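# Summary of structural features
Residue-level listing of the chains:
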Amino acid sequence: MQLTTLIVDDEFSAIEGLMIRLEKFPQINVIGHACSVDEAVGIIDKTQPNLIFLDIEMPSKSGFELVKYFTGDYCPAIIFVTAFHQHAVQAFEVKAVDYLLKPVKLQRLGEAIERALERINSVFNKQQLLEMRESYLNAQQPQLPTATKVEKLAEANNLIIQDGRNPIQLVPYDDILCIDAAGDYMCVHTKQETFVMRARMKSLEKDTLPPHFIRIHKSAIVNLKHIKRLEPLRNSEYNAILKNDKLMKVSRTYSKELKSRLLNISGC
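Residues numbered from 1 in each chain as written. Predicted model: local features only at pLDDT ≥ 70, side-chain atom pairs only at ≥ 80, totals over all residues. Heavy atoms only, no water.

### Notes on the overall build of the chain
- A tally of helices and strands in the chain yields nine helices and 15 strands.
- When each of the 268 residues of the chain is scored for burial, the buried share is 46%.
- Taking the contacts inside the chain whose residues are at least 6 apart along the sequence as the reference set, 54% of them involve residues at least 24 apart. (Helix = DSSP H or I, 4+ residues; strand = E, 2+ residues; numbered from the N terminus. Buried < 20%, exposed > 50% of the residue type's maximum accessible area, 1.4 Å probe, protein only. Contact = heavy atoms within 4.5 Å.)

### As for the sheet that holds strand E14 (residues 238–242)
- Pairing in this open sheet of three strands is antiparallel, and the strands run E13-E14-E15 from one edge to the other. Lying at the two open borders of the sheet, with one neighbouring strand each, are strand E13 (227–232) and strand E15 (247–250). Direction aside, the axes of adjacent strands within the sheet are offset by 25° on average.
- Relative to E15, E14 runs antiparallel, the two sharing four bridges. (Pairing = 2+ DSSP bridges. Axes fitted to C-alpha atoms, helices over the stretch in contact; angles between N-to-C directions.)

### Quick notes on the packing of helix H1 (residues 12–22) against helix H5 (residues 106–121)
- As a packed pair, H1 and H5 sit with axes 11 Å apart at the nearest point and diverge in direction by 75°. The pairing of H1 with H5 is recorded here as roughly perpendicular in orientation. Here Leu18, Arg21 and Leu22 of H1 lie close against H5, whose contacting residues are Leu106, Leu109 and Ile113. (Parallel < 35°, antiparallel > 145°, perpendicular 65-115°, else oblique.)

### A closer look at the nonpolar core
- Val8, Ile52, Leu54, Leu66 and Phe80 are the most contacted members of the largest nonpolar core, which totals 27 residues.
- If sequence neighbours within four positions are ignored, Leu54 has contacts with Val8, Gly63, Leu66, Val67, Ile78, Ile79, Phe80 and Val81. (Core = buried A, V, L, I, M, F, W, Y, C linked by side-chain atoms within 4.5 Å.)

### Focus on the packing of aromatic side chains
- Summed over all chains, the structure comprises three aromatic pairs.
- Between Phe64 and Phe80, the ring centres sit 5.2 Å apart and the planes meet at 45°, which makes this aromatic pair tilted. Taken together, the positions of Phe64 in helix H3 (residues 63–67) and Phe80 in strand E4 (residues 77–82) put the pair 16 residues apart, joining distant regions of the chain.
- Taking relative accessible area as the criterion, Phe64 reaches 7% and is therefore assigned buried.
- Taken together, a centroid distance of 6.1 Å and an interplanar angle of 65° make the contact between Tyr173 and Phe213 edge-to-face. On the criterion of sequence distance, the pair formed by Tyr173 in the loop between strand E7 (169–172) and strand E8 (176–182) and Phe213 in strand E11 (residues 213–217) is long-range, its members being 40 residues apart. (Phe/Tyr/Trp six-rings, centres within 6.5 Å; stacked < 30°, edge-to-face > 60°.)

### Observations regarding the pairing of strand E2 (residues 28–34)
- Where strand E1 (residues 3–8) meets E2, six bridges bridge the pair, whose relative direction is parallel. Each residue of the ladder has a partner; that of Ile7, found in E2, is His33.
- Read from E1 through H1 to E2, the crossover connection turns out right-handed. (Right-handed = clockwise from strand over helix to strand, strands pointing away.)

### What to know about the sheet that holds strand E12 (residues 220–223)
- Reading across the sheet, the five strands line up as E10-E9-E8-E12-E11 and stay open at both edges, with antiparallel pairing between neighbours. The open sheet has two edge strands with one neighbour each: strand E10 (194–198) and E11. On average, each strand axis in the sheet is tilted by 25° relative to the strand beside it, whichever way the strands run.
- Direction of pairing for E11 relative to E12: antiparallel, over a ladder of four bridges. The partner of Ile214 across the bridge, within E12, is Val222.
- Running over the sheet, helix H8 (residues 201–208) touches E8, strand E9 (185–190), E10, E11 and E12 and is turned about 145° from E8.

### Notes on H5
- Taking 1.5 Å as the rise per residue, H5 with 16 residues should run 22 Å; its terminal C-alpha atoms sit 23 Å apart, in good agreement.
- Burial in H5 covers these residues: Arg108, Leu109, Gly110, Ala112, Ile113, Ala116, Leu117 and Arg119. (Expected span 1.5 Å × (residues − 1).)

### Section: the side chain of Ser251
- Mapped onto the secondary structure, Ser251 falls in the loop between E15 and helix H9 (252–266).
- Given the relative accessible area of 13%, Ser251 is considered buried.
- The contact partners of Ser251, leaving out residues within four places of it in the chain, are Ile216, His217 and Glu237.

### Observations regarding helix H2 (residues 37–47)
- Taken as a whole, H2 has its buried residues at Val37, Ala40, Val41, Ile43 and Ile44.
- Of the surrounding elements, those touching the buried residues of H2 are E1, E2, strand E3 (51–54) and H3.
- Where H2 begins, the side chain of Ser36 points an oxygen toward the backbone nitrogen of Glu39, at a separation of 3.2 Å. (Polar contact = N/O pair within 3.5 Å; in protein donor to acceptor, adjacent residues only side chain to side chain.)

### A word on the confidence of the model for the chain
- On average, residues of the chain score 84 in pLDDT, and 83% of them are at 70 or above.
- Counting interchain partners and residues more than four positions distant, the pLDDT-below-50 stretch residues 143–150 has nine contacts. (pLDDT = per-residue confidence, 0-100.)

So this is what it looks like as structure tokens:
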């Protein structure tokens, strides 16, 4: 089965890049592209694509505004493609097929397309998709979008992670032991496994992580709740021993702040 496909993004370079990648998938037939929600609506009225790659943050109207347009019998599969992870919860509230972070990796793109094929081939899933979207739209009428409230609650308690191989995952902050840098990526360590996400250390520290996460090195952040003890080294440096016995180096630059925060937690 070929998927008639529309790409919606306000950046033409992003459209062009995605079209080049989609050429590797014979099941995809790109029938057009749009740079805004209004332009996309005009194309959809004429072509009725069954798959839409949709950006979220665009001038005038967001990608979620386009979702409201799909009512009745017509309900295409949606794959969100965005540079921002924070809309993931809302995207899955409207039953998106997948949520891809830019720059899109070919392997993840292939996985998303397979999910779209499965969704479209299934009458049951298509009907379920219609019902979920209808429920979402009805919930928005009398009050603020329920999805927004759910999203804020999820982000308050979880780190949203896209590792390039798997769908979006919500990792509870309290489960995270530490985070360290690996080039342009962050390795997020829990007791059970390690997740990889594309992010900047400074952005995570200042804009994303809750207060009980603290920088201990230029390339490492630790969860204060998981520190068991500090072992002094030379030159005001320390080793932080975590509750799982993982050892992490604390540089002199950050040692004073770390000791102060730990004392406050212990009540000393």
